[in-house]
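# Structural description and commentary
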Amino acid sequence: MKTRNLTVVCMLAGLLCWGCKQTDVTQVLDRAETCMAERPDSSLYLLRTLDKRHISGSLRKARYALLYSQALDKNYIDVDNDSLIRVAVDYYKGHGTSHEKALAYFYLGRVYDNAGDETRATEAFVEAETHALDTDDHYICGLIYSYLGNLYFSQYSFDEALAMYDKSEKCYAQAGQLRNEGYMVEAKARVYILQEDKNACFNEYERAIKLFKGLNDVDYVAILTCDYLMAKFQFGIYESLTIEDLKSGLQNFYSSNELTFRSLMYYKMNNLDSARYCAIRALENDELNAKQMAGIKFFLSRIENKCNNYKQAYEYMNGYAALMDSIYLIERENLVQKIEKRYNNTLLKNSLIAEETYHKYQLRIIAIIIIFGVILFIYSVIILIKKRKQIVIKKDQEIKAYKVMAEDLSSNYDELKVLFDRLSSEQDQNDDTETRFIQALDCRLKGLGQLLEEAYLFANKPERFLRKFQDYVRESTSKEFAFSDLRYVVNKKFHGIVDYLKRTYPELSESDLDLCSMICFGFCSNSIRQIYAHTNPDSIYSKRSKLRTKLRLGPSIQIEGFIRNLLVELSKEK
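Residues numbered from 1 in each chain as written. Predicted model: local features only at pLDDT ≥ 70, side-chain atom pairs only at ≥ 80, totals over all residues. Heavy atoms only, no water.

To continue, consider the layout of surface pockets. In this approach a probe as big as a water molecule rolls over the atoms, and the regions it shows empty are the leftover space. Taken as a whole, the largest pocket encloses approximately 1,200 Å³ of empty space. Around the largest pocket, the lining is made up of 40 residues, and of these Asp73, Lys74, Tyr107, Tyr139 and Leu143 lie nearest the centre. In terms of residue count, the dominant contributor to the lining of the largest pocket is helix α3 (residues 58–74) (eight residues). Taken together, the residues that form the lining of the largest pocket break down as 21 nonpolar, seven polar and 12 charged. (1 Å grid on protein atoms, 1.4 Å probe; cavity = no way out; pocket = protein on both sides within 12 Å on 5 of 7 lines; lining within 4 Å. Points joined across faces, edges and corners; volume = space filled by probe spheres on them. Helix = DSSP H or I, 4+ residues; strand = E, 2+ residues; numbered from the N terminus. Nonpolar A, V, L, I, M, F, W, Y, C, P; charged D, E, K, R; others polar.)

Right, dumping it as structure tokens:
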């Protein structure tokens, strides 16, 4: 008993410890989620304190995977393997809120984006968008649209990129995320540079600068100002740049643009030698891209042309043309590759959609077949149960009937034996027909005696008695009882009663005459039933009812009384 109590106590203590650990896990997850937006580094620290072995349950594992993926992304730790976030996606695919589904698919897209798988990243972001639209979280919608815009931008799908950046800007504005709204305005300006739409580009840069000035972000305003001036430089707009603009750009420059701004400022001041010197030095900067180099050479051509150095101006112009040709060629090749990639991605996406649709229909068909099979199985089981129940009920009824038969046999056998002895003593030994009848009756009586012994022997085993009684019935029905001899004997002993009944009631059948004959001999109803080997107790009463109808007896007249009166009248006539 003590050992048993100790075991129970240990089990309860273990369950209590396990419950406490799960409570601790939930509390850590709650705290990590609370500080995710403002202090993602703290969230990451909290999540790293958890031991994965202590996290149980699908919900907690999915929540941990989602929060950990979110913390890594917000701390600029790129993950290109989907093993972690897949736990969350697989769970929230069929559980959780629309917001949780949107977050799971968004961070799945971030993982694919980090891995360079643009197609799968796009599919994940689009799936995230469908769930995010069912929420009132404008911030997550803005994130999704911004990354979709980046993907389209990288594929040279500028119109789609602008549409996504525009949606993202509006969502950030609704969410009150002014900084992110400014980033989207800047992104639109970069798209317009590649589309060579200078007016739209300048307008967006001006809007972005205004937004960040409102946030008092001096550093980012400086970056945007430099980019704005460089955009003007790339579009070849020098005349509109003022000395103040150039000084502002020079004051807020970042290294790759310093010499360019100085060159432009000297050019405006008509200090062409200094302008040439700064421009040539700017060409030596390894951070310049091809378009920036082309722009500087074009600017140097302008400087040399103004200095009347036409040969040098011509060489710079040729250099500018060669660079632009190579840029356009590369861009064209890239564009063709991007278009081909987009086409292949579209084909792949369509094939995936077709395959997914096929699998959905296949699963539906399988589900229908399974449901139909289950229904058919249940129906078959019900039918079998009903049949089995009917068989059991029928068997119980038969056993009950045979028990009644056995009880009747026990109570009437002695009466039959006395009646048989009387008939045997009155037998005319010289009459073969009468002798044959007595022998048949004796044979039937012996069978009933054996059956009576079986009834006592199998009193507690009604099924065994059932089989014995069925054998008796089959044997009795296969051997024709000598009823014709019965009618002969009765007609002989009882003043020709059988002949009288035939004449008076011609509708009487031989079976009816047999029944009348047995009543003349003094057989009671149960004895007659046993002589006939009827298993149904009601069968003899049915025969008697039919006989009453044929004899045209009133309701107050019994068959036995009718036959006794008839015998009296026949005896008087004799």
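Once that is clear, we can look at the packing of helix α14 (residues 272–283) against helix α15 (residues 290–306). Remark: α14 packs on α15, axes separated minimally by 10 Å, with the N-to-C direction vectors making an angle of 155°. Regarding the angle of α14 to α15, the classification is roughly antiparallel. Note that α14 runs across α15; the crossing there is left-handed. Residues Leu272, Ala275, Arg276, Ala279, Ile280, Ala282 and Leu283 of α14 lie in contact with α15, whose contacting residues are Met293, Ile296, Lys297, Phe299, Leu300, Ile303, Glu304 and Lys306. In terms of residue class, the contact of α14 with α15 is made up of 11 nonpolar, no polar and four charged. (Axes fitted to C-alpha atoms, helices over the stretch in contact; angles between N-to-C directions. Parallel < 35°, antiparallel > 145°, perpendicular 65-115°, else oblique. Left-handed = near helix turned anticlockwise from the far one by under 90°. Contact = heavy atoms within 4.5 Å.)

Right, let's get into the nonpolar core. One finds Leu66, Ile85, Phe106, Phe125, Ile144 and Tyr205 to be the most contacted residues of the largest nonpolar core, which totals 56 residues. Those residues within four positions of isoleucine 144 in sequence are excluded, and the remaining contacts are Phe106, Phe125, Ala128, Glu129 and Ala132. Met518, Phe562, Ile563 and Leu566 belong to the second-largest nonpolar core, a separate cluster that totals 30 residues. (Core = buried A, V, L, I, M, F, W, Y, C linked by side-chain atoms within 4.5 Å. Buried < 20%, exposed > 50% of the residue type's maximum accessible area, 1.4 Å probe, protein only.)

Residues Leu363, Ile366, Ile370, Val374, Phe377, Ile378 and Ile382 make up a contiguous nonpolar surface patch of roughly 670 Å² in combined accessible area. As for its position among the elements, phenylalanine 377 is in helix α16 (residues 310–425). Exposure remark for phenylalanine 377: the relative accessible area of 58% places this residue in the exposed category. (Patch = residues over 30% accessible without salt bridge, like charges linked within 9 Å, V, L, I, M, F, W, Y side chains within 5 Å. Areas by Shrake-Rupley, 256 points an atom, 1.4 Å probe, with all protein chains shown as cover. Salt bridge = Lys/Arg side-chain N within 4 Å of Asp/Glu carboxyl O.)

Moving on, we get to empty space enclosed by the protein. Within the structure shown, the criterion is met by two cavities of 30 Å³ or more. Lining the largest cavity are 13 residues, and of these Ser69, Asp73, Val79, Tyr107 and Val111 sit closest to its centre. Contributing elements (two or more residues each) for the lining of the largest cavity: α3, α4 (83–92) and α5 (98–114). Per element, the largest residue contribution to the lining of the largest cavity is four residues, and it comes from α5. Of the residues that constitute the lining of the largest cavity, the class distribution is seven nonpolar, three polar and three charged.

Time to look at helix α20 (residues 497–504). Within α20 the residues assigned to the buried category are Ile497, Val498 and Leu501. Along the long axis of α20, the arc covered by the buried residues comes to 100°, so they all point the same way. (Arc of directions from axis to C-beta.)

What follows covers the pattern of salt bridges. Enumeration according to the criterion identifies 20 salt bridges in this entry. For aspartate 82, the salt bridge goes to arginine 86, with nearest N and O atoms at 3.8 Å. A residue is classified by how much of its surface remains accessible, and arginine 86, at 25% relative accessible area, is partly exposed. Here the salt bridges share partners, and the residues they tie into one network are Asp166, Glu169, Lys170, Lys188, Glu204 and Arg207.

Scanning the entire structure with this criterion turns up 14 aromatic pairs. A centroid spacing of 5.6 Å and a plane angle of 45° characterise the contact between phenylalanine 106 and phenylalanine 125, whose relative ring orientation is tilted. Of the two residues, phenylalanine 106 sits in helix α5 while phenylalanine 125 sits in helix α6 (residues 118–132), which places them 19 residues apart along the sequence. For the pair phenylalanine 106 and phenylalanine 125, a shared accessibility class is recorded, and that class is buried. Ring geometry for tyrosine 505 and phenylalanine 562: centres 6.4 Å apart, planes at 70°, overall edge-to-face. You can see tyrosine 505 sitting in the loop between α20 and α21 (510–521) and its partner phenylalanine 562 sitting in helix α24 (residues 559–573), a full 57 residues away along the chain. An aromatic cluster is present here, built from Phe106, Tyr107, Phe125 and Tyr147 joined pairwise through their rings. (Phe/Tyr/Trp six-rings, centres within 6.5 Å; stacked < 30°, edge-to-face > 60°.)

Here alanine 208 shows up in helix α10 (residues 198–214). We classify alanine 208 as buried; its relative accessible area is 0%. Along the backbone, alanine 208 and tyrosine 220 are 12 residues apart, and their C-alpha atoms lie at a distance of 9.8 Å. If near-sequence neighbours (up to four positions away) are discounted, alanine 208 is found in contact with Gly182, Val185, Glu186 and Leu224.

As a further point, take α24. Spanning 15 residues, α24 covers 21 Å between terminal C-alpha atoms, matching the ideal 21 Å at 1.5 Å per step. For α24, the set of buried residues is Ile559, Gly561, Phe562, Ile563, Leu566, Leu567 and Leu570. (Expected span 1.5 Å × (residues − 1).)

The values reported here are purely geometric and, on their own, carry no functional implication.
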